[in-house]
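Examining the three-dimensional arrangement
So you can see what is in the structure, the chains are spelled out below.
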Amino acid sequence: MTDGLLTYHLHEDIVAFTTDRTIGRDPDKVRHAVCQQFQPTADGAGTCPEDELRFARPHQTHTDRIMLIAEEYFSLTPQSQQLLMEGIDAVMTNLPRVILGVSTADCIPILVYDPQHHAAAAIHAGWRGTVQRIVQKTLAQMACCYHTAPALCRAQIGPGISMDSFEVGDEVYEAFAQAGFDMTAIATRYPLSTAEATTPQRPWKWHIDLKEANRHQLLAAGLPADSIAVSPIDTFTDTRFFSARREQKGDIKCGRIFSGFVMR
């Protein structure tokens, strides 16, 4: 990680990244940081002035709604763009020089690139979106819109809360179980500490591995295992990143990091 930006190697034709808390999701800071990742050739080709990078992000509400960003989107007024992006949790495009991504603070960001059709998607997967299988639905939409073949795609699962840190109630465990997830692969029960174990009949709590649950969706959609990279970063314990579970208390809100991409 350099200058507040964690970058991933999905392909030479795409810059894929996650910001830390010093950049967050501020469009100007993101543009500046991403622009530094464009390496010019000896004759200057490949440079990318910041004012040439268009920026778009959705207002996420833990749904399974997906939006395709086409050229027409950028001809709309800011108010119309905002209205279209309301309640969207995954975005995809085949446009170059568009910074597109999702905001997270413990939820799992997933970036997918289709090098055959030069198309990509950014997905926000909290536990609700994961239960709704937003990753598989996004791959299905990419297949419909771009003729994407998942077997040829590459994916990056970005920083998010780890299983160790993601303690959940029984109702969350049951939501995953009822949705057909392999619970032996994505869940385990941890004992509470002595101080927390005030109720003798419930001394254990479920923990869910959201990264693994979404990796399983990528595999189910058809991506090869060796085409999926998973960040080991736990946003709950790593203070370089925002964590809603760690920082958000009552009316006090924490910021968001931004995971996204721009295609050359």
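Procedures and definitions
- Residues numbered from 1 in each chain as written.
- Predicted model: local features only at pLDDT ≥ 70, side-chain atom pairs only at ≥ 80, totals over all residues.
- Heavy atoms only, no water.
- Pairing = 2+ DSSP bridges.
- Helix = DSSP H or I, 4+ residues; strand = E, 2+ residues; numbered from the N terminus.
- Axes fitted to C-alpha atoms, helices over the stretch in contact; angles between N-to-C directions.
- Contact = heavy atoms within 4.5 Å.
- Salt bridge = Lys/Arg side-chain N within 4 Å of Asp/Glu carboxyl O.
- Buried < 20%, exposed > 50% of the residue type's maximum accessible area, 1.4 Å probe, protein only.
- Core = buried A, V, L, I, M, F, W, Y, C linked by side-chain atoms within 4.5 Å.
- Arc of directions from axis to C-beta.

With respect to the sheet that holds strand β8 (residues 119–125)
- With mixed pairing, six strands are arranged side by side in an open sheet as β4-β5-β8-β7-β9-β13. Looking at the sheet topology across the chains shown, the edges are occupied by β4 (66–68) and β13 (228–230). Strand after strand, the sheet turns through a mean of 15° between neighbouring axes, direction not considered.
- Where strand β7 (residues 108–114) and strand β9 (residues 154–157) come together, four bridges link them in antiparallel fashion. Considered in β9, the bridge of V112 is made with A155.
- Sheet strands touched by helix α4 (residues 134–146): β4, β5 (90–93), β7 and β8. Its angle to β8, the strand with the most contacts, is close to 160°.

A closer look at the sheet that holds strand β11 (residues 187–191)
- Strand order in this open sheet of three strands is β10-β12-β11, and the pairing throughout is antiparallel. Looking at the sheet topology across the chains shown, the edges are occupied by β10 (167–168) and β11.
- Where helix α5 (residues 170–178) meets the sheet, its contacts fall on β10, β11 and β12 (204–208), and the angle it forms with β12 comes to roughly 45°.

Structural notes on the pattern of salt bridges
- Following the criterion strictly, the structure yields eight salt bridges and no others.
- With a closest N to O distance of 2.6 Å, R54 and E71 form a salt bridge. One end of the pair, R54, is in strand β3 (residues 54–56); the other, E71, is in the loop between β4 and α2 (78–84), with 17 residues separating them in the sequence.
- What makes R54 partly exposed here is its relative accessible area of 28%.
- Ionic pairing is found between D64 and K137, a salt bridge with its closest N-O pair at 2.4 Å. One end of the pair, D64, is in the loop between β3 and β4; the other, K137, is in helix α4, and 73 residues separate them in sequence.
- When salt bridges with common partners are traced through the structure, they connect R21, R246 and E247 into a single cluster.

Some thoughts on the nonpolar core
- One finds I110, V112, F176, M183, I186, I208 and L218 to be the most contacted residues of the largest nonpolar core, which totals 35 residues.
- If one sorts the elements of this core by residue count, α4 sits on top with five residues.
- The residues touching L218, leaving out its near neighbours within four places in the chain, are I110, V112, V135, L139, A155, I157, L223 and I228.

Observations regarding α5
- Here α5 has its buried residues at V172, Y173 and F176. Taken down its axis, α5 places every buried residue within 100° of arc, on the same side. In α5, the exposed residues that point more than 90 degrees away from the buried face are E171 and Q178.
- Along its buried surface, α5 packs onto α3 (127–131), β10, α6 (183–186), β11, β12 and α7 (210–221).
- Phi turns positive, to about 90°, at G180, one or two residues after α5.

Honestly, that's just the spatial picture; any functional story needs more than this.
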